[in-house]
Amino acid sequence: MANPIEQFTVRPLIEINLGGLDATFTNASAFMLLTVASVTMFLALSMRGRALVPGRWQSMAELSYEFIAGLLRDNVGSEGRRFFPFVFTLFMFILFANMLGLMPYSFTITSHIIVTFILAMVVFIGVTIVGILRHGVKFFSYFVPSGVPMAVLPLMIPIEIISYLSRPISLSVRLFANMTAGHIMMKVFAGFVIPLGIFGGWAPFGVDVLLVGFEFLVAFLQAYVFTVLTCLYLHDAIHLH
Amino acid sequence: MRIVKKAIIPAFGIFAFAAPAMAAGGGLPQLDLSTYSSQAIWLVISFIALYALMSTIALPRIGEVLEERQNRIDDNLAKAENLKAQADAAVETYEKSLSDARAKAFDAIREVKEKAGAEAHERQSKLTAELSAKIKQAESEIAKAKIDALSGIETVAVDVAAAAIAKLINEPANENSVSSAVSSALKNRT
């Protein structure tokens, strides 16, 4: 049976060394660039016509634009407009990375904790900077929940701080775990198809068909969840509670 | 959010399932620290590249198209509103001229009616005056004729009475006494 975690292996393609720092171009790097290229191609090619009445491809491009714009407007408000390019980039990057990972023999960059953790840290640090720039020292009043008796504040403030600090962890582990688990499950069931023979093999095959559909849902949903949480964190930083 | 939590639970289940394989292959490739620096560098490069491409090319282009469409829609709506106002104004002038014409027609009819009525009245009064004059004339003529007739009757009655008396007594009657008798008899009758 094929090793279900072999698909996550990072293989060096071109050895690059930046002054002692390993910057090897790997299959993961290739899929990152492929993700960038796919998103850009998708948007650039579908908007090429600039039609007044959009066709199918242009509708999809406009839909993604308006989807994220609406998400930002609903969750952050009008102040969120400045962060639209970042949130849009984040959503498209994760969505396309997840979707490309579902192609057979491909590599899922979002199944690596270091990748999702860096993305989550960018969001976390960025949101914190936005909050401090906007509110100064007052930003730290975010950790003091309002309407709570003084007696429980010594308990509440550490809890608030811990929950704030655990945001990048939950954000990154959620995406990483979902992608990894889904791909392992698909691989495990796929691994049973041939060993179970021409009669028994259909059962895991059927399960895998269902799993592929489910994984497409998860791929979209996790990109969406990551983006929505980013919007909510932005809202907290801008409006404080 | 519930679906997210549900998805995490099987994730850890799968890790347990994959544990023997991990032991054989030397652990999850995701936990291989030696790949982290290259992953981080390429992630940063590609994410910044995508951000630059999105914020300078793709998003302005989509935004432009959407804005253009919105402008076009607003423009057409404004145009439609303008045309509607024009149509409303045209309908108003049409209705105004229609009511004007109606009022004018009523005025003309009323004028003609009044004129005809006045004329008829005038004619009638003229005719009435003429008729009453004629009646008066006729009445005076009748009265004159009556007086003539009455005076004629007296002479005739005197003559007849004188002739009758002459026949009865075979001698001419006294004219003066006959005429006084007749006139007194006529006077008694009237």
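Residues numbered from 1 in each chain as written. Chains lettered and ligands numbered in written order. Predicted model: local features only at pLDDT ≥ 70, side-chain atom pairs only at ≥ 80, totals over all residues.

Thoughts on the overall build of chain B
Step number 1: Scanning chain B from terminus to terminus reveals 3 helices and 0 strands.
Step number 2: When the elements of chain B are put in sequence order from the N terminus, they spell out α-α-α.
Step number 3: A burial count over chain B gives 10% of its 190 residues as buried. (Helix = DSSP H or I, 4+ residues; strand = E, 2+ residues; numbered from the N terminus. Buried ≥ 20, exposed ≤ 12 C-beta atoms within 10 Å, placed from the backbone.)

Examining the overall build of chain A
Step number 1: Looking only at helices and strands, chain A features 8 helices and 4 strands.
Step number 2: Listing every helix and strand of chain A by position from the N terminus yields β-β-β-β-α-α-α-α-α-α-α-α.
Step number 3: Seen through its principal axes, chain A has C-alpha atoms that stretch 70 × 50 × 45 Å.
Step number 4: Counting the 241 residues in chain A, one finds 37% classified as buried.

Comments concerning the interface of chain A and chain B
Step number 1: Taken residue by residue, the interface counts 48 residues in chain A and 40 residues in chain B.
Step number 2: Those elements that provide at least two residues to the side of chain A that touches chain B are β3 (21–22), α1 (27–46), α2 (56–75), α3 (84–100), α4 (113–135), α6 (167–193) and α8 (202–239) of chain A.
Step number 3: Element by element, the count of residues in the side of chain A that touches chain B is highest for α1 of chain A, at 10 residues.
Step number 4: Classifying every residue of the side of chain A that touches chain B gives 32 nonpolar, 12 polar and 4 charged. (Contact = placed C-beta atoms within 7 Å. Nonpolar A, V, L, I, M, F, W, Y, C, P; charged D, E, K, R; others polar.)

Points about α3 of chain A
Step number 1: When the terminal C-alpha atoms of α3 of chain A are compared, their 24 Å separation across 17 residues agrees well with the 24 Å that a helix rising 1.5 Å per residue should span.
Step number 2: Taking burial as the measure, the 17 residues of α3 of chain A include 13 buried ones, the bulk of the element. (Expected span 1.5 Å × (residues − 1).)

Side note on the environment of Asp-159 of chain B
Residues and elements named next belong to chain B.
Step number 1: Mapped onto the elements, Asp-159 comes out in helix α2 (residues 36–169).
Step number 2: A residue is classified by how many C-beta atoms lie within 10 Å of it, and Asp-159, with 14 of them, is partly exposed.
Step number 3: Taking the C-alpha atoms as reference points, Asp-159 and Ser-179, 20 residues apart in sequence, are found 8.6 Å from one another.

Looking at the packing of α1 of chain A against α2 of chain B
Step number 1: Viewed as axis vectors pointing N to C, α1 of chain A and α2 of chain B meet at an angle of 10°, and their least axial separation amounts to 9 Å. The angle between α1 of chain A and α2 of chain B places the two elements in the roughly parallel class. Taking contact as the criterion, the partners of Ala-28, Ser-29, Met-32, Leu-33, Thr-35, Val-36, Val-39, Thr-40, Leu-43 and Ala-44 of chain A in α1 of chain A are, on α2 of chain B, Ser-38, Gln-39, Trp-42, Leu-43, Ser-46, Ala-49, Leu-50, Leu-53, Ile-57 and Ala-58 of chain B.
Step number 2: Of the residues in the contact of α1 of chain A with α2 of chain B, the class split is 14 nonpolar, 6 polar and no charged. (Axes fitted to C-alpha atoms, helices over the stretch in contact; angles between N-to-C directions. Parallel < 35°, antiparallel > 145°, perpendicular 65-115°, else oblique.)

Quick look at the nonpolar core
Step number 1: Counting residues in each nonpolar core, the largest one holds 67 residues, and the members touching the most others are Ile-68, Val-87, Phe-91, Phe-93 and Ile-94 of chain A.
Step number 2: Secondary-structure elements contributing two or more residues to this core are α1, α2, α3, α4, α6 and α8 of chain A together with α2 of chain B.
Step number 3: Setting aside its immediate chain neighbours within four residues, Val-87 of chain A contacts Ile-68, Leu-72, Thr-227, Thr-230 and Cys-231 of chain A. (Core = buried A, V, L, I, M, F, W, Y, C linked by C-beta atoms within 7 Å.)

Examining the confidence of the model for chain B
Low pLDDT means the predicted coordinates in that region are not meant to be read closely.
Step number 1: Mean pLDDT over chain B: 84, with 86% of residues reaching 70 or higher.
Step number 2: Helix α1 (residues 2–25) of chain B is the least confidently modelled element of chain B, averaging 47 in pLDDT, while α2 of chain B averages 92, the highest of any element. (pLDDT = per-residue confidence, 0-100.)

Comments concerning unusual backbone geometry
Negative phi characterises most residues that are not glycine, and trans characterises most peptide bonds.
Residue and element names in this part refer to chain A.
Step number 1: Of note, Arg-50 is a non-glycine position whose phi angle comes to about 45°, a positive value.
Step number 2: Tracing the sequence through the fold places Arg-50 in the loop between α1 and α2.
Step number 3: Look at Arg-50 and you get partly exposed, because 13 C-beta atoms sit within 10 Å.

So, the packing of α3 of chain A against α2 of chain B
Step number 1: Running from N to C, α3 of chain A and α2 of chain B point in directions that differ by 120°, and their axes come no closer than 9 Å. Comparing their axes, α2 of chain B and α3 of chain A come out oblique. Helix-helix and strand crossings are classified by hand; for α3 of chain A and α2 of chain B the assignment is right-handed. Contacts between α3 of chain A and α2 of chain B involve Pro-85, Phe-86, Phe-88, Thr-89 and Phe-93 of chain A from the first element and Phe-47, Leu-50, Tyr-51, Met-54, Ser-55 and Leu-59 of chain B from the second.
Step number 2: Taken together, the residues that form the contact of α3 of chain A with α2 of chain B break down as 9 nonpolar, 2 polar and no charged. (Left-handed = near helix turned anticlockwise from the far one by under 90°.)

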